[in-house]
Amino acid sequence: MKAFYTDHFVLPLPAGHRFPMEKYSRLRDFVGELTGVELIEAPAASDTQILYAHDPSYLIKVIEGKLSPQEQKEIGFPWSEKMVERSRRSAGATVAAAKMALNEGIAINLAGGTHHAYRDMGSGFCVFNDSAIAARALQKEISSKLKVAIIDLDVHQGNGTASILENDPTIFTLSIHGENNFPFKKEVSDLDLGLADGCDDSTYLNALTESLNDLSDRFKTDFVIYLAGADPHEDDRLGRLKLSKEGMRLRDEAVLAYALDRKLPLAISMAGGYGKEIGSTVDLHFQTIKTALQFQKKY
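## Observations concerning the overall build of the protein
Piece 1. Scanning the protein for helices and strands turns up 10 helices and eight strands.
Piece 2. Its C-alpha atoms give the protein a radius of gyration of 17 Å, within 12% of the compact-globule value 19 Å for 299 residues.
Piece 3. The principal-axis extent of the C-alpha atoms belonging to the protein is close to 45 × 45 × 40 Å.
Piece 4. Here the protein holds 299 residues, and 58% of them are scored as buried.

## Description of the packing of aromatic side chains
Piece 1. This model, assessed by the stated rule, comprises nine aromatic pairs.
Piece 2. Look at Phe 182 and Phe 184: their rings are 6.2 Å apart centre to centre, the planes differ by 90°, and that puts the pair in the edge-to-face class.
Piece 3. By relative accessible area, which is 62% here, Phe 184 ends up exposed.
Piece 4. Taken together through their ring pairs, the aromatic side chains of Phe 19, Tyr 24, Phe 77, Phe 125 and Tyr 274 make up a single cluster.
Piece 5. Note that Arg 28 overlies the ring of Tyr 5, its terminal NZ or CZ placed 4.1 Å from the centroid.
Piece 6. One cation-aromatic arrangement involves Arg 86 over Tyr 24; the distance from NZ or CZ to the ring centre is 4.7 Å.

## A short note on the pattern of salt bridges
Piece 1. For the structure shown, the criterion picks out 19 salt bridges.
Piece 2. Measuring nitrogen to oxygen at the nearest pair gives 2.7 Å for the salt bridge that ties Glu 104 to Lys 2. Linking Glu 104 in helix 5 (residues 81–104) with Lys 2 in strand 1 (residues 2–5), this pair joins segments that are 102 residues apart in sequence.
Piece 3. According to the relative accessible area criterion, Glu 104 is partly exposed, its value standing at 24%.
Piece 4. For Asp 55, the salt bridge is made with Arg 119, and the minimal N-O distance between the two is 3.9 Å. Of this pair, Asp 55 sits in the loop between helix 2 (47–50) and helix 3 (56–64) while Arg 119 sits in the loop between strand 3 (106–109) and helix 6 (130–141), and the two are 64 residues apart along the sequence.
Piece 5. By relative accessible area, Arg 119 is classed as partly exposed at 29%.
Piece 6. Linked through salt bridges whose partners overlap, the residues forming this network are Lys 2, Glu 38 and Glu 104.

## Quick notes on the packing of helix 8 (residues 201–218) against helix 9 (residues 245–261)
Piece 1. Closest axis-to-axis distance for the helix 8/helix 9 pair is 10 Å, and the angle between their directions is 10°. Regarding the angle of helix 8 to helix 9, the classification is roughly parallel. Residue-level inspection shows Asp 201, Tyr 204, Leu 205, Leu 208, Leu 212, Leu 215 and Ser 216 of helix 8 in contact with helix 9, the latter providing Gly 247, Leu 250, Arg 251, Ala 254, Val 255 and Tyr 258.
Piece 2. Grouping the constituent residues of the contact of helix 8 with helix 9 by class yields nine nonpolar, two polar and two charged.

## Some thoughts on the side chain of Ser 269
Piece 1. Within the secondary structure layout, Ser 269 lies in strand 8 (residues 266–269).
Piece 2. Within the structure, the side chain of Ser 269 is placed 3.5 Å from the backbone nitrogen of Gly 113, a separation counted as a polar contact.

## Concerning the nonpolar core
Piece 1. If you look at the biggest cluster of nonpolar residues, it comprises 49 residues, and the most contacted ones within it are Ile 108, Ile 151, Leu 215, Tyr 226, Ile 268 and Ile 289.
Piece 2. Here the element with the most residues in this core is helix 10 (residues 278–296); it accounts for seven residues.
Piece 3. Setting aside residues up to four positions removed in sequence, Ile 151 forms contacts with Leu 174, Leu 212, Leu 215, Val 224, Ile 225, Tyr 226, Leu 227, Val 255 and Tyr 258.
Piece 4. Judged by nonpolar contacts, the second largest core, of 48 residues, contains Met 21, Ala 42, Ala 45 and Ala 101.

## As for the sheet that holds strand 5 (residues 171–178)
Piece 1. With parallel pairing, the eight strands of this open sheet are ordered in space as 2-1-3-8-7-4-5-6. Taken across any chain shown, the strands that pair with only one partner, and hence form the sheet edges, are strand 2 (38–41) and strand 6 (191–195). Across the sheet, the mean angle from the axis of one strand to that of its neighbour is 15°, orientation sign disregarded.
Piece 2. For strand 1 and strand 3, the ladder comprises two bridges, and the chain directions are parallel. Residue pairing across strands places Ala 3 opposite Ile 108, the latter belonging to strand 3.
Piece 3. Its contacts with the sheet place helix 9 against strand 3, strand 4 (148–152), strand 7 (223–227) and strand 8, and it is angled at close to 170° to strand 7.

What counts and what doesn't
The residue numbers shown here count from 1 along each chain, following its written sequence. Totals for whole chains, interfaces and linings use every residue, but because this is a predicted model, local features are given only for residues with pLDDT of at least 70 and side-chain atom pairs only at 80 or more, for both listing and counting. Side-chain metrics rest on all non-hydrogen atoms present in the structure, leaving aside hydrogens and water. Put simply, DSSP H or I for four residues or longer makes a helix, DSSP E for two residues or longer makes a strand, and each gets a number counted from the N terminus. With the radius of gyration taken over C-alpha atoms, the globule rule is written as 2.2 Å times the number of residues to the power 0.38. Under the scheme applied here, a residue whose accessible area is under 20% of the maximum for its type counts as buried, over 50% as exposed, and between as partly exposed, the area being computed with a 1.4 Å probe on protein chains only. For Phe, Tyr and Trp, rings pair up if their centres lie within 6.5 Å, where Trp contributes its six-membered ring, and each pair is then called stacked (planes under 30 degrees apart), edge-to-face (over 60) or tilted (otherwise). A positively charged side chain is recorded as over a ring if its NZ (Lys) or CZ (Arg) lies within 6 Å of the ring centre. The angle to the ring normal must also be within 35 degrees. A pairing counts as a salt bridge when a side-chain nitrogen of Lys or Arg comes within 4 Å of a carboxyl oxygen of Asp or Glu. For every element, the axis is a line fit to its C-alpha atoms; helices are fit only across the contacting stretch, and the angle between N-to-C directions ranges from 0 to 180 degrees. For classification purposes, an angle smaller than 35 degrees is called roughly parallel, one larger than 145 roughly antiparallel, one from 65 to 115 roughly perpendicular, and anything else oblique. The criterion used for residue contact is that any of the two residues' heavy atoms lie within 4.5 Å. Classification convention: Asp, Glu, Lys, Arg as charged; Ala, Val, Leu, Ile, Met, Phe, Trp, Tyr, Cys, Pro as nonpolar; all other residues, Gly among them, as polar. Under this definition, polar contacts are N or O atom pairs within 3.5 Å; protein pairs additionally need one hydrogen-donor-capable and one acceptor-capable atom, and for neighbouring residues in sequence, both atoms have to be side-chain atoms. Here, nonpolar core refers to any group of buried Ala, Val, Leu, Ile, Met, Phe, Trp, Tyr and Cys residues whose side-chain atoms link them within 4.5 Å. When DSSP finds two or more bridges between two strands, those strands count as paired.

Written out as structure tokens, the structure is:
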């Protein structure tokens, strides 16, 4: 199974910044010890690929460092050339994983899940929307007939993804998230399910089963992009939900089984995770990858 990494393209942040940049290199160290996983440096998304999902004027502002102080504040990162390169690589990793999954069943981006980026602006630690870019890249570079489902199980709604793809009947957006969590103004996905604070394993897994059944009834997909956020976990600082580690594993298994049962290629991105201890978040991401490896062997 191929896993694309970007952690050595470091995004410089001021001291005390709350974004857990360290988790990516620690995750790669763990994944490097797994038998059956090949680590590959992620390619950079090209301008053309970014423009599948973003406005030219926004791309120019990002590349040339012309984002206003307010726009940088909305993203949550100060602009730098390294920020641009990191963002390109994070999107390129999902594109590469998606194309690899067409041949191997499952492939992984060890970062990604930048679902708050809109067509014309970044937000919530997201500069370019990797899921929207990758879905469109499959259609424009592989086959225009491919239909893609984006299953977003980060604890925060995929508002940017929903907005970019709102009028695209060939890409289905499913978001299961904390209803009272960021973003506080939700967009309209093809299927949204907002969960109450304190949601436990049983409630979450039942909701996921119903949502996947609804997806099957409403959309015939050829490919799945899965945002496997670690932030629904009970120890996440920003999550507000109460899933156990076992509940998180069963969540991943449900999505992987959905894809495997239908022989659907699957690209996974790690998405969010803000554990009280960074090691806890890394462990949850690592659990997702180990579960994916078990399923990949069945394709």
